[in-house]
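# Results of the structural survey
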Amino acid sequence: MNYAVLPQDTTPDTSGYMVAGYVIFAVIMAIYIVSFLARGRNLERDLSTLETMKAESKAMTPHPPRKRAVRKAKPERTRAGTRGQTRRRGAGRR
Amino acid sequence: MQAKPTSLRALDLVAIAVLIVAAYLALVYAPEEAVMGQVQRVFYFHVATAWTALLGFIAAGVAGVAYLATKDEKWDIVEIAAIEISLVFFLITIVLGSIWARPIWNTWWTWDPRLTTAAVTELIYIAYFMLRQGIEDPGRRARFGAVYTIIGAVSAPITFFAIRLFRTIHPVVIGSGDPSAQGTFAMAPGMKLAFFFALFAFTIIFVDLFWNRILMGRLAARVEQLKLNLMR
């Protein structure tokens, strides 16, 4: 006896689509992880460069001049006394 | 990158291991679906990536709220990390869905509510990165990003519930859809194991990538701060 196989009795062969799906999944994940690692490496390099530049700019910056204490000028001394000094009250000429 | 914590290195290995196991369960262990054939196997990774991506978009919205409340830069870094990983996962979801649709619906794409809202969600977050690039001031950029992710996070539940709110040809896997719909989407035990393990595996993978991305975000912030200091 010959039984006709109805189309809906057989499972369609869709394995090609399955393979394509998983390959595309792997490709997307691979691209993402590679780009992730590359970005990380670039950032590490940038960090190293910037830290070197920071250290160099600190070394090149001249030290600010030290502030000297401002001394008050001592008044000139003479036999008569200090010039310009206000005479004490009551002090007369000798 | 700065020294990785040992726990993160361990998580990297765990993520790779669970991905391999999930792939084995999906490609080998789970039985072939009688009506759709082998293409049905993409469903395990399709749903797992969709689920984690949508949760990631919502988490980014929460990070945005946290940034606006605290003005702490770490929340901006968390937000970017969540969106970047979710964007990649959701792209995988959309592509796998399209590949599945071709032999089953006889089309690569249709403007079905689920597919349309998914595409809109993906474009919203692609625009997020493009718009951030245009803002130079870090503080303003973070504030803009936070507000944007809070508004964008609304698209995640809309995408998830689209198949329950609107008439759609997209299958309802979890819970019931339209009561008038015919047929079921019941899974054999092998399929259930592959399905739930894939959900678990992609959650682990998401957390691993997320943690790594946060570390990179901190490094980027340090580099930007150094650049600003040297420019002054």
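Residues numbered from 1 in each chain as written. Chains lettered and ligands numbered in written order. Predicted model: local features only at pLDDT ≥ 70, side-chain atom pairs only at ≥ 80, totals over all residues.

### A look at the overall build of chain B
The secondary structure content of chain B amounts to 7 helices and 0 strands. Considered along the principal axes of its C-alpha atoms, chain B spans approximately 65 × 40 × 25 Å. For chain B, the proportion of its 232 residues judged to be buried stands at 39%. A fraction of 80% describes how many contacts in chain B between residues 6 or more apart in sequence connect residues 24 or more apart. (Helix = DSSP H or I, 4+ residues; strand = E, 2+ residues; numbered from the N terminus. Buried ≥ 20, exposed ≤ 12 C-beta atoms within 10 Å, placed from the backbone. Contact = placed C-beta atoms within 7 Å.)

### A look at the overall build of chain A
Scanning chain A from terminus to terminus reveals 1 helix and 2 strands. Listing each helix as α and each strand as β along chain A from the N terminus yields α-β-β. In chain A, which comprises 94 residues, the share counted as buried stands at 5%.

### Things to note about the interface of chain A and chain B
Tallying the contact residues gives 23 residues for chain A and 26 residues for chain B. Tallied by class, residues from the side of chain A that touches chain B come to 12 nonpolar, 6 polar and 5 charged. (Nonpolar A, V, L, I, M, F, W, Y, C, P; charged D, E, K, R; others polar.)

### Some details on helix H6 (residues 155-165) of chain B
Residue and element names in this part refer to chain B. Residues Ser155, Ala156, Thr159, Phe160 and Ile163 constitute the buried set of H6. Each buried residue of H6 sits inside an arc of 150 degrees when the element is viewed along its axis, so together they form one side. In this fold, the buried residues of H6 make contact with helix H2 (42-70), helix H4 (113-133) and helix H5 (138-152). (Arc of directions from axis to C-beta.)

### Some words on H4(B)
End to end, H4(B) covers 31 Å across 21 residues, agreeing with the expected 30 Å (1.5 Å per residue, within 8%). Residues of H4(B) that are buried sit in contact with H2, helix H3 (73-105), H5 and H6 of chain B. (Expected span 1.5 Å × (residues − 1).)

### Things to note about the packing of H2(B) against H5(B)
Residues and elements named next belong to chain B. Their axes nearest at 8 Å, the elements H2 and H5 cross at an angle of 135 degrees. Here H2 is positioned oblique relative to H5, judged by the angle of their axes. For the crossing formed where H2 meets H5, the hand is left-handed. Facing H2, whose interface residues are Phe57, Ala60, Gly61, Gly64, Val65, Tyr67 and Leu68, H5 presents Ala142, Gly145, Ala146, Val147, Thr149, Ile150 and Gly152. Of the residues contributing to the contact of H2 with H5, the split by class is 9 nonpolar, 5 polar and no charged. (Axes fitted to C-alpha atoms, helices over the stretch in contact; angles between N-to-C directions. Parallel < 35°, antiparallel > 145°, perpendicular 65-115°, else oblique. Left-handed = near helix turned anticlockwise from the far one by under 90°.)

### Quick word on the packing of H3(B) against helix H7 (residues 189-231) of chain B
Residues and elements named next belong to chain B. Relative orientation of the contacting elements H3 and H7 amounts to 135 degrees, with a least axis distance of 8 Å. One finds that H3 runs oblique with respect to H7. As H3 packs across H7, the resulting crossing turns out to be right-handed. Mapping the contact onto sequence places Glu73, Ile77, Val78, Ile80, Ala81, Ala82, Glu84, Ile85 and Phe89 in H3 and Phe206, Leu209, Phe210, Arg213, Ile214, Gly217, Arg218 and Ala221 in H7. When its residues are assigned to classes, the contact of H3 with H7 shows 12 nonpolar, 1 polar and 4 charged.

### Digging into the confidence of the model for chain B
All names here are of chain B. This prediction gives chain B a mean pLDDT of 91; 94% of its residues lie at or above 70. Element-level pLDDT for chain B is lowest in H6, with a mean of 87, against a maximum mean of 97 in helix H1 (residues 6-29). Reported for the predicted complex are a pTM of 0.83 and an ipTM of 0.90. (pLDDT = per-residue confidence, 0-100.)

### Brief notes about unusual backbone geometry
All names here are of chain B. Of note, the phi angle at Lys71 is positive, near 60 degrees, even though the residue is not glycine. Take Lys71: it is sitting in the loop between H2 and H3. For Lys71, a count of 13 C-beta atoms within 10 Å gives the class partly exposed. Phi is positive for Asn106, close to 65 degrees, though the residue is something other than glycine. Following the sequence through the fold, Asn106 ends up in the loop between H3 and H4.

### Here's the deal with the nonpolar core
Soluble globular proteins: nonpolar side chains tend toward being buried together. Residues and elements named next belong to chain B. Counting 58 residues, the largest nonpolar core has Tyr44, Phe57, Ala194 and Ala198 as the members making the most contacts within it. With 17 residues, the top contributor of residues to this core is H3. Excluding anything up to four places from it in sequence, Ala194 contacts Leu25, Ala26, Tyr29, Ala30 and Tyr44. (Core = buried A, V, L, I, M, F, W, Y, C linked by C-beta atoms within 7 Å.)

### Considering the environment of Tyr44(B)
Residues and elements named next belong to chain B. Summarising the element assignment, Tyr44 is placed in helix H2. Expressed as a C-alpha distance, the spacing of Tyr44 and Asn106, which sit 62 residues apart in the sequence, is 20 Å. Apart from residues lying up to four places away in sequence, Tyr44 is in contact with Ala26, Ala194, Phe195 and Ala198.

### Description of the environment of Val47(B)
Residues and elements named next belong to chain B. Inspection of the secondary structure puts Val47 in helix H2. For Val47, a count of 20 C-beta atoms within 10 Å translates into the label buried. Along the primary structure Val47 and Phe195 are separated by 148 residues, whereas in three dimensions their C-alpha atoms are 8.2 Å apart.

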